[in-house]
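Structural description and commentary
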Amino acid sequence: IFYPALREAAEADDALDEADVEHSHIKELVGEIEGAGPGDDRFEARSIEYLRPRVFGGELLAQVLATAARTVQDRACHALHVDFLSPGDPKLPIEYAVRRVRDGRRFVQRQVSGYQRGREIVLATVSFTTDSADAAGFQREPMPDVPGPEGLASELDQRLAVADRFAPEHRP
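This structure is a prediction, so every number in the text was calculated from the model and none was measured.

1. Re the overall build of the protein chain
When helices and strands are tallied, the protein chain shows 5 helices and 6 strands. In the protein chain, the order of α-helices and β-strands from amino to carboxyl end is α-α-α-β-β-α-β-β-β-β-α. Sorting the 172 residues of the protein chain into buried and exposed places 25% on the buried side. Across the protein chain, the fraction of contacts at a sequence separation of at least 24, relative to all contacts at a separation of at least 6, is 62%.

Set out below in structure tokens:
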């Protein structure tokens, strides 16, 4: 999923304990994805938050990305589009099918569909690219130097400043 340089750092034995704790839930989530060996485009995953009434969208998104990433090598995700089509049941497994849309020299694209009870609940398009030195060079202008949020007025103060523009029943 990560750029190769980050993958090596994440797999290093001397990684920070904080990073391990922070990513333990992600490891558990990704660990729930089962599939055959390389070349297989069908996977099954289970929800780790099974007490919710529906599968959480972020959990589906993570599983979609991890599933697509298992079908590519030495590529980093650079674009992801996900459509949540219908609610999923966290008590049932989710079957993922990956379609290999494009395998180019620089870009790889996958379409991932997640199913429960034969019904499609999530559809995603994931695009991967090779790791390049200028991967973060997409921003042409440097970020401006702006003050932090401490100096901003609260939402209530902003509303009070313009309260006279509202009808009396809508004023704070």
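And the narrative resumes.
2. Things to note about the nonpolar core
Counting residues in each nonpolar core, the largest one holds 20 residues, and the members touching the most others are Leu60, Val64, Tyr96, Val122, Val126 and Phe128. Among the secondary structure elements, those contributing two or more residues to this core are β2 (42-45), α4 (57-69), β4 (94-103), β5 (107-116) and β6 (119-130). Other than its neighbours up to four places away in sequence, Val126 contacts Val64, Leu65, Ala68, Cys77, Ala79, Leu80, Val108, Gln109 and Arg110.

3. Focus: the pairing of β4
As paired elements, β2 and β4 share 4 bridges and run antiparallel to each other. In the sheet register, Phe43 faces β4, and the bridge partner there is Tyr96. As defined by bridge partners, β4 adjoins β5 across 8 bridges and the pair is classed as antiparallel. Note on β5: the bridge partner recorded for Arg102 is Gln109. Two successive antiparallel strands, β4 and β5, enclose a turn made up of 3 residues.

4. Topic: the packing of aromatic side chains
On inspection of all chains with the given rule, the structure shows 0 aromatic pairs. In this structure, Arg52 is placed above the aromatic ring of Phe56, and the distance from its NZ or CZ to the ring centre is 4.8 Å.

5. Observations regarding the side chain of Thr129
Following the sequence through the fold, Thr129 ends up in strand β6. Residues contacting Thr129, with those up to four places away along its chain left out, are Arg75, Ala76, His78, Arg106 and Phe107.

Calculation rules
Residues numbered from 1 in each chain as written. Predicted model: local features only at pLDDT ≥ 70, side-chain atom pairs only at ≥ 80, totals over all residues. Heavy atoms only, no water. Helix = DSSP H or I, 4+ residues; strand = E, 2+ residues; numbered from the N terminus. Buried < 20%, exposed > 50% of the residue type's maximum accessible area, 1.4 Å probe, protein only. Contact = heavy atoms within 4.5 Å. Core = buried A, V, L, I, M, F, W, Y, C linked by side-chain atoms within 4.5 Å. Pairing = 2+ DSSP bridges. Phe/Tyr/Trp six-rings, centres within 6.5 Å; stacked < 30°, edge-to-face > 60°. Lys NZ or Arg CZ within 6 Å of the ring centre and 35° of its normal.

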